[in-house]
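Next come the chains, spelled out residue by residue.
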Amino acid sequence: MATLQPGDQAPPFELLDQHGSAVPLEDYRGRKLLVYFYPEADTPGCTVQSCDLRDHRQDLAGIGTEVVGISPDLPDKQLAFDEKYKLGFPLLSDPDHATAEAWGAWGEKVRGGTTSVGLIRSSFLVDEQARIEGAWSPVRPEDTVPNALAALA
């Protein structure tokens, strides 16, 4: 599936967060949301990406933007990741990768010359009406925040 593009409607989701609570996309209607997809909690790139978002969360909140992360990890692994790095925002569990597929963040990828199928690190800025305002896929962990801040400026 192709990655979402600016102007596309964000596919709805309802996923469990790190505390086992259901979080639907609809909860964010009326607010901007930065959704980032990461391959696996507590791995080097995912830690860099998530901690950078943690460190800039106030900057994003100051311009009316909330953050959620989505990975195939189960809620207990997400919780351990959140507690270890004090991330403080929802980490959503997508173990069947249906949400990642709907958002175009699941598919063939090449790493180190090897092709595999899995989660493609991606980030999406969603506007107040649940439309895609910005899309970056694939994205380097350290580019998630600068891309979002530039799009919001």
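The sections below set out a description of the structure shown in this document. Counting restarts for each chain: residues are numbered from 1 in the order of the written sequence. With the structure being a predicted model, the display of local features is reserved for residues of pLDDT at least 70 and the display and counting of side-chain atom pairs for 80 or more, all residues being used for whole-chain, interface and lining totals. Think of the side-chain values as coming from all heavy atoms in the structure, minus any hydrogens and water.

## Quick look at the nonpolar core
Core analysis: the largest hydrophobic core is formed by 21 residues, its most contacted members being Val 35, Phe 37, Trp 103 and Val 126. Taken together, the elements giving at least two residues each to this core come down to β3 (32-37), β4 (65-71) and β8 (122-126). A total of 3 residues in this core trace back to one element, the largest contributor, which is β3. By nonpolar core is meant a set of buried Ala, Val, Leu, Ile, Met, Phe, Trp, Tyr and Cys residues that side-chain atoms within 4.5 Å join together. Any residue under 20% of the maximum accessible area for its type is buried, any over 50% is exposed, and the rest in between are partly exposed; the area is computed with a 1.4 Å probe on protein chains only. Runs of E in the DSSP output that reach at least two residues are strands. Runs of H or I that reach at least four are helices, and both are numbered from the N terminus.

## Some details on the environment of Cys 51
Along the chain, Cys 51 turns up in helix α1 (residues 44-55). A sequence separation of 91 residues divides Cys 51 from Glu 142, and the C-alpha atoms of the two residues are 9.8 Å apart. Contacts are assigned to residue pairs with any non-hydrogen atoms lying within 4.5 Å of each other. Apart from residues lying up to four places away in sequence, Cys 51 is in contact with Tyr 85 and Leu 87.

## Examining the pattern of salt bridges
One side-chain nitrogen of Lys or Arg within 4 Å of one carboxyl oxygen of Asp or Glu is enough to make a salt bridge. Inspection of the entire model under this criterion finds 10 salt bridges. A salt bridge links Lys 32 to Glu 133, with the shortest nitrogen-to-oxygen separation between them at 2.5 Å. Of the two residues, Lys 32 sits in strand β3 while Glu 133 sits in strand β9 (residues 132-136), which places them 101 residues apart along the sequence. Residue Lys 32 is classed as buried on the basis of its relative accessible area of 15%. One salt bridge connects Lys 77 with Glu 40, and the closest N-O pair in it is separated by 2.7 Å. Here Lys 77 is found in helix α3 (residues 75-85), whereas its partner Glu 40 is found in the loop between β3 and α1, with 37 residues between them in sequence. Among the residues examined, Lys 77 registers a relative accessible area of 32% and is labelled partly exposed. For Glu 40, a relative accessible area of 35% gives the class partly exposed. Members of the salt-bridge network, linked through shared partners, are Lys 32, Glu 128 and Glu 133.

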